[in-house]
Amino acid sequence: MSLVRVDALHKSFGHLEVLKGIDLKVSAGEVVSIIGRSGSGKSTFLRCLNQLEQHDSGRIEINGQVLDANSMAPALLSENVGMVFQNFNLFPHKTVGENVMLAPMIVRGEREREASRLARRMLERVGLADRFDAWPEQLSGGQQQRVAIARALAMSPKVLLCDEITSALDPELVGDVLKVLEQLARDGMTLILVTHEMSFARDVGSRVVFMHQGRIHEQGDSREVLSQPRTPELQQFLSAVR
Amino acid sequence: MMDFTLWDIVRNLLLSMRWTVVLSLIAFIGGGVVALLLTVIRLSPSRWVQWPVMAYVELFQGTPLLMQLFLAFFGLGALGIQVSAWTAATLALVLFTSAFLTDIWQGCIRAIPPGQWQGARVLGLGRLQTLHHVILPQALRLAIAPTVGFSVQVVKGTALASIIGFVELTRTGTMLNNATFKPFLIFALVALGYFLLCYPLSLYARHLEKKLNVTGSR
């Protein structure tokens, strides 16, 4: 059974149809990289998966639960899906540790001690156990992004969505973040990433989905798709990013 | 005609300054309470709830405080509701202050980047939880300096209450002038009185702005 199942997903902003019918199944443990030009709908698609954008029609099922932002509380919507953003979106008025502890305490009602222990464990996973009491602004971009990953992991999501999470980073900081993702993939976390990191998609990803003009234009095993693209659009895209 | 020594003048002005301070405090605290309610109401996602608040803010920001005082004093009187200068001045200043503070606080909340809402939302926090734990603590920090800064406007605004007969610093100055015919001396002293009230507030607002601009540290 698929962990994520999307059928005939449509989304328009005003007259602009951004998603023109997306079908996608993702099994547990898969690492799916969504690639494509800007404006191809890949970020919108990702944001539909946790209902930051509400789809107009179609169906999204995650871990057996059909998503609908109109009728579901945020806690229920985010129960299975975590998300990391391009701009981290850490809470600047809270320390690193408090950033990670907030949702377990507020949403899950954990006590401060449990939450703090959990936060330390999560920060250890991303290699930042020693920065528990630091303020976000004292960290480098790469470290902030790893805190954001730890914060998402603390809610033990079944799927982690990553929206261009290395795009705002200085080149020398990208590696650390990708290493964390790689370890997550090895631990069996299901990842769906919108990314421009082709080598990461090829080496760590299990599948590549190429979006073009609001549709999935081509997809398949990441090595195959990236080394032997079938459609001219993907060939063109790949030669442009390389 | 009575003779006024300089000390008589200063003493009378200082005594009347109490009422300027009292009126300012009532306007500021009362206005703050009303603004807090309006700000919370304004946060409702429903447009039908937001709209009246916006209209209220625009109305009081877009008309002179003096007209608001006239309406509260003479207007209510013409409608058969007799109000004292005290009541009218308090009412008008509270409404005036609440409109401006609502606007300032609303702006501070809107200044928090949408990424903060989204970051909280994907972690499972609801609207009120996000407000409570993520948005308001940051907005509050932004709001403190402009709020203290606006209190200066409230203090100076109370001078207008003299026109409807409320006896505070300015009114006392006018009365003293009528008795002594030393307008330059007396109104200079009145101005000095306002300055002594306002300048520390301005300094404090500037100090807060500098201090709170440093994000992160508490």
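Everything numeric here is computed off the predicted structure, so don't read it as measured data.

About the cut-offs
- Residues numbered from 1 in each chain as written.
- Chains lettered and ligands numbered in written order.
- Predicted model: local features only at pLDDT ≥ 70, side-chain atom pairs only at ≥ 80, totals over all residues.
- Heavy atoms only, no water.
- 1 Å grid on protein atoms, 1.4 Å probe; cavity = no way out; pocket = protein on both sides within 12 Å on 5 of 7 lines; lining within 4 Å.
- Points joined across faces, edges and corners; volume = space filled by probe spheres on them.
- Helix = DSSP H or I, 4+ residues; strand = E, 2+ residues; numbered from the N terminus.
- Nonpolar A, V, L, I, M, F, W, Y, C, P; charged D, E, K, R; others polar.
- Domains from an automatic or database assignment.
- Contact = heavy atoms within 4.5 Å.
- Salt bridge = Lys/Arg side-chain N within 4 Å of Asp/Glu carboxyl O.
- Polar contact = N/O pair within 3.5 Å; in protein donor to acceptor, adjacent residues only side chain to side chain.
- Buried area = accessible area lost by both parts, 1.4 Å probe.
- Buried < 20%, exposed > 50% of the residue type's maximum accessible area, 1.4 Å probe, protein only.
- Pairing = 2+ DSSP bridges.

### Observations concerning the layout of surface pockets
Where empty space is left in the structure can be found by rolling a water-sized probe over the atoms. What the largest pocket holds in volume is close to 480 Å³. Lining the largest pocket we find 17 residues, and of these Leu-52 of chain A together with Trp-117, Gln-118, Arg-121 and Arg-127 of chain B sit closest to its centre. Those elements that provide at least two residues to the lining of the largest pocket are helix H2 (74-77) of chain A together with helix H5 (114-122) and helix H6 (127-157) of chain B. Considering every element that reaches the lining of the largest pocket, the biggest residue donor is H5 of chain B, with 4 residues. Residues of the lining of the largest pocket, tallied by class, amount to 9 nonpolar, 5 polar and 3 charged.

### Quick word on the domain arrangement of chain A
By a widespread convention, an interface's size corresponds to the accessible area lost as its parts come together. Residue and element names in this part refer to chain A. Split into domains, chain A comes out as domain 1 (1-70 + 159-242) and domain 2 (89-156). Here the C-alpha centre of domain 2 lies 25 Å away from the C-alpha centre of domain 1. Taken together, the contact between domain 1 and domain 2 spans 11 residues of the former and 10 residues of the latter. For the interface between domain 1 and domain 2, the tally reads 2 salt bridges. Between Arg-146 and Asp-176 there is a salt bridge, with the nearest N and O atoms lying 3.8 Å from each other. In this structure, the connection of domain 1 to domain 2 is made through 1 residue pair in polar contact (both at pLDDT 80 or more).

### Section: the interface of chain A and chain B
Contacts between the two partners involve 27 residues from chain A and, on the opposite side, 20 residues from chain B. When chain A packs against chain B, close to 2100 Å² is buried across both sides, 60% of that on carbon and sulfur atoms. Summed over the three residues of chain A that lose the most area to chain B, namely Phe-91, His-93 and Ile-106 of chain A, the buried surface amounts to 26% of that side. Counting across the chain A and chain B interface gives 0 salt bridges. Connecting chain A to chain B are 9 residue pairs in polar contact (both at pLDDT 80 or more). Taken together, the elements giving at least two residues each to the side of chain A that touches chain B come down to H2, strand E6 (81-84), helix H3 (96-106) and helix H5 (141-153) of chain A. Top element by residues in the side of chain A that touches chain B is H3 of chain A. It accounts for 4 residues. A per-class count over the side of chain A that touches chain B returns 17 nonpolar, 5 polar and 5 charged.

### Overview of H3 of chain A
Most of H3 of chain A sits inside the fold, with 8 of its 11 residues counted as buried. Buried residues of H3 of chain A: Val-96, Gly-97, Asn-99, Val-100, Met-101, Leu-102, Ala-103 and Pro-104 of chain A, and no others. Among the structural elements, helix H4 (112-125) and H5 of chain A together with H6 of chain B are those in contact with the buried residues of H3 of chain A.

### Focus on the pairing of strand E9 (residues 207-212) of chain A
All names here are of chain A. Counting buried positions along E9 gives 6 out of 6 residues, so the element sits mostly inside the fold. Burial along E9 is two-sided: the face carrying Arg-207, Val-209 and Met-211 and the face carrying Val-208, Phe-210 and His-212 are both buried. Across 4 bridges, strand E3 (residues 31-35) lies against E9 in parallel orientation. Among the inter-strand pairings, Ile-35 is bridged to a residue of E9, identified as Phe-210. Note that E9 and strand E10 (residues 215-221) share 6 bridges and pair antiparallel. Pairing of Arg-207 across the sheet is with Asp-221, part of E10.

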